[in-house]
Amino acid sequence: MDINLFLTNTQQMLAPYLEQLRLFKFSVLNPVIWAIALIVFFILSRNWNANKAFSFCIITLLILFSQTFVSDHLSSSYALVFDSSVVRIIFAVFFFIVLLYYIFIRED
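Since the model is a prediction, treat every value here as computed from it, not as a measurement. (Residues numbered from 1 in each chain as written. Predicted model: local features only at pLDDT ≥ 70, side-chain atom pairs only at ≥ 80, totals over all residues. Heavy atoms only, no water.)

Some remarks on the side chain of Thr-68
For step 1, the next point in the chain: Locating Thr-68 in the fold gives a position in helix α3 (residues 50-77).
For step 2, the next point in the chain: Here Thr-68 falls in the buried class, since its relative accessible area comes to 8%.
For step 3, the next point in the chain: Excluding its chain neighbours within four sequence positions, the residues that come into contact with Thr-68 are Phe-24, Lys-25 and Phe-26. (Helix = DSSP H or I, 4+ residues; strand = E, 2+ residues; numbered from the N terminus. Buried < 20%, exposed > 50% of the residue type's maximum accessible area, 1.4 Å probe, protein only. Contact = heavy atoms within 4.5 Å.)

Shown next as structure tokens:
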């Protein structure tokens with residue numbers, strides 16, 4: 001099989017999922033986000049305990065999924081008045097609080 005053909009097919013297959021990530025739309029059905037979470041888990045488990053790395057990845061995914069849910073719900077409720085950047089900033093603050101907790105406080 002030609003490698004260029006494989007890369008082209010893979011790029012076409014993953015393009016809609018990458019577009020969702022570019023638009024900050026995180027879905028449970030998106031395989032790219034699960035692949036990224038798995039890679040992050042393997043990288044973190046080299047330095048952290050596996051339980052700590054796993055719980056960090058799960059909590060991060062829950063933050064991302066809930067950000068999409070809240071943003072979609074508010075945008076459907078307040079069609080033209082709502083700006084989703086406020087929700088993104090709030091959930092980014094939640095993420096950084098969790099990140100700081102896992103880096104400096106939580107010991108496993």
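Some thoughts on the environment of Phe-65
For step 1, the next point in the chain: Relative to the elements of secondary structure, Phe-65 occurs in helix α3.
For step 2, the next point in the chain: Judged by its relative accessible area of 15%, Phe-65 is buried.
For step 3, the next point in the chain: When the C-alpha positions of Phe-65 and Phe-24 are compared, they lie 9.8 Å apart, and in sequence the two are 41 residues distant.
For step 4, the next point in the chain: When neighbours within four sequence positions are excluded, Phe-65 is seen to be in contact with Phe-26, Ser-27, Val-28, Ile-33 and Trp-34.

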